[in-house]
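Structural overview for review
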Amino acid sequence: MRNHIRLLRAERRWSQADLADRIGVSRQTINAIENGRYDPSLSLAFRLGEVFERPIERLFEYGDEASDAS
Amino acid sequence: MNLLDRADVDDQSSWPYRDILLFGYFGSGTPEGRRHRNRTFAWLAVFMGAALVATFDSLSWSERFFCGVAVPVAVAAIVWSSVRYVSELDELSRLIYLQATAFSYGAVVVLAGMWFSAGALGLAEHIPGPHARSTLAVWVLPSLLLAEALRGLALVHFARSRR
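Thresholds applied
- Numbers given to residues run from 1 along each chain, matching the order in which its sequence is written.
- Whichever chain is written first becomes A and whichever ligand is written first becomes 1, with later ones labelled in order.
- Where totals are concerned, whole chains, interfaces and linings use all residues; where local detail is concerned, this predicted model gives features only for residues with pLDDT of at least 70, and gives and counts side-chain atom pairs only at 80 or more.
- Starting at the N terminus, helices and strands are each numbered in turn, a helix being any DSSP run of H or I of at least four residues and a strand any DSSP run of E of at least two.
- For this measure, only C-alpha atoms enter the radius of gyration; the expected value for a globule follows 2.2 Å times N^0.38, where N is the number of residues.
- Around each residue's C-beta, the other C-beta atoms within 10 Å are counted; 20 or more make the residue buried, 12 or fewer make it exposed, and counts in between make it partly exposed. All C-beta atoms are placed from the backbone.
- Each residue gets a C-beta atom placed from its backbone, and two residues are in contact if those atoms lie within 7 Å.
- Structural elements are reduced to axes, namely lines fitted to C-alpha atoms, with helices fitted over the stretch in contact, and the angle between N-to-C directions of any two is expressed from 0 to 180 degrees.
- Between 65 and 115 degrees an angle is taken as roughly perpendicular, under 35 as roughly parallel, over 145 as roughly antiparallel, and anywhere else as oblique.
- Joined through C-beta atoms within 7 Å, a set of buried Ala, Val, Leu, Ile, Met, Phe, Trp, Tyr and Cys residues constitutes a nonpolar core.
- What a helix should span is 1.5 Å times the count of its residues minus one.
- Confidence scores here are pLDDT values: one per residue, from the predictor, ranging 0 to 100.

A few points about the overall build of chain A
Across its full length, chain A holds 5 helices and 2 strands. Relative to the compact-globule value of 11 Å for 70 residues, chain A shows a C-alpha radius of gyration of 11 Å, a close match. Sorting the 70 residues of chain A into buried and exposed places 31% on the buried side. Taking the contacts inside chain A whose residues are at least 6 apart along the sequence as the reference set, 60% of them involve residues at least 24 apart.

A few points about unusual backbone geometry
Residue and element names in this part refer to chain A. Backbone geometry at Arg13 places phi at a positive 60°, although glycine is not the residue there. Of the residues examined, Arg13 has 10 C-beta atoms within 10 Å and is grouped as exposed. The residue Glu53 is not glycine, and still its phi comes out positive at about 55°. Looking at the secondary structure, you find Glu53 in the loop between helix H4 (42–52) and helix H5 (56–59).

Some details on the environment of Glu91(B)
Examined against the element boundaries, Glu91(B) turns out to sit in helix H5 (residues 91–120). Setting aside residues up to four positions removed in sequence, Glu91(B) forms contacts with Ser41(A) and Leu44(A).

Side note on the packing of helix H2 (residues 16–23) of chain A against helix H3 (residues 27–34) of chain A
All names here are of chain A. Interaxial distance between H2 and H3 falls to 8 Å at its minimum, and their mutual angle equals 110°. In this view, H2 runs roughly perpendicular relative to H3, as classed from their interaxial angle. On H3, the residues touching Gln16, Ala17, Leu19 and Ala20 of H2 are Arg27, Thr29, Ile30 and Asn31.

Description of the nonpolar core
Ile5(A), Leu8(A), Leu19(A), Val25(A), Ile30(A), Ile33(A), Leu44(A), Leu48(A) and Phe52(A) together form the largest nonpolar core, which totals 9 residues. Secondary structure elements with two or more residues in this core: helix H1 (5–11), H3 and H4 of chain A. In this view, Val25(A) contacts Ala20(A), Ile30(A), Leu44(A) and Asp90(B); residues no more than four positions away in its chain are not counted.

Let's talk about the environment of Thr30(B)
Residues and elements named next belong to chain B. Inspection of the secondary structure puts Thr30 in the loop between helix H2 (17–23) and helix H3 (31–54). Under the C-beta neighbour-count criterion, Thr30 is labelled partly exposed, with 18 such atoms within 10 Å. With 59 residues separating them along the chain, Thr30 and Leu89 place their C-alpha atoms 9.7 Å apart.

Focus on H3(B)
Residues and elements named next belong to chain B. Look at H3: 35 Å from first C-alpha to last across 24 residues, which is about the 34 Å you get at 1.5 Å a residue. All of the buried residues in H3 are Gly33, His36 and Trp43. Tucked inside the fold, the buried residues of H3 contact helix H4 (61–88).

Regarding the confidence of the model for chain B
With 81% of its residues at a pLDDT of at least 70, chain B reaches an overall mean of 82. Listed scores for the predicted complex are pTM 0.78 and ipTM 0.85.

See below:
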């Protein structure tokens, strides 16, 4: 699963800890998602969509490639 | 420095490996971690106190009662605290915790089975510890069967809760 979380977070100048606080998970979870090592649950994906004000299909793309930064 | 480079600053992933290795949890940096640590240490103190009292030469009825009750209650409380802690973790931490628990359970079952086989095949004399006809036969195999039966019941319970 490819995602654009790192880029969207960088655009807002949030740290991983900032984003983690906003959606109620640990910073390590954000790091694992950004690096493509963990695919979040549907509810967490929707929470990410909420804080970035985008539908989840704009955050995640199905495929073998890793995320933006990796 | 572009946006993505800046996003990497201060964002290196770091799990609290010291707490994970020494205490088996994700550290006291979160409220749930602190609660779990405090509860566990408090009940460990009760456990150690009871274990200390049990070493006394002559125990009164009340001291014996304290030891008999405090130890299982403390163990149950620590297990309960661990279950509460897992339920309060975020989804990735919970997944990792459960994977580690499943791995350790499986590893212990395999080791116990190997130990039992060593005893049953007459190799027990080369292995320090319980003999095949005593402790191994009495405890190891029934413990394996009990653990597997409990695992089956737990699977049924959690599967039914998500019908």
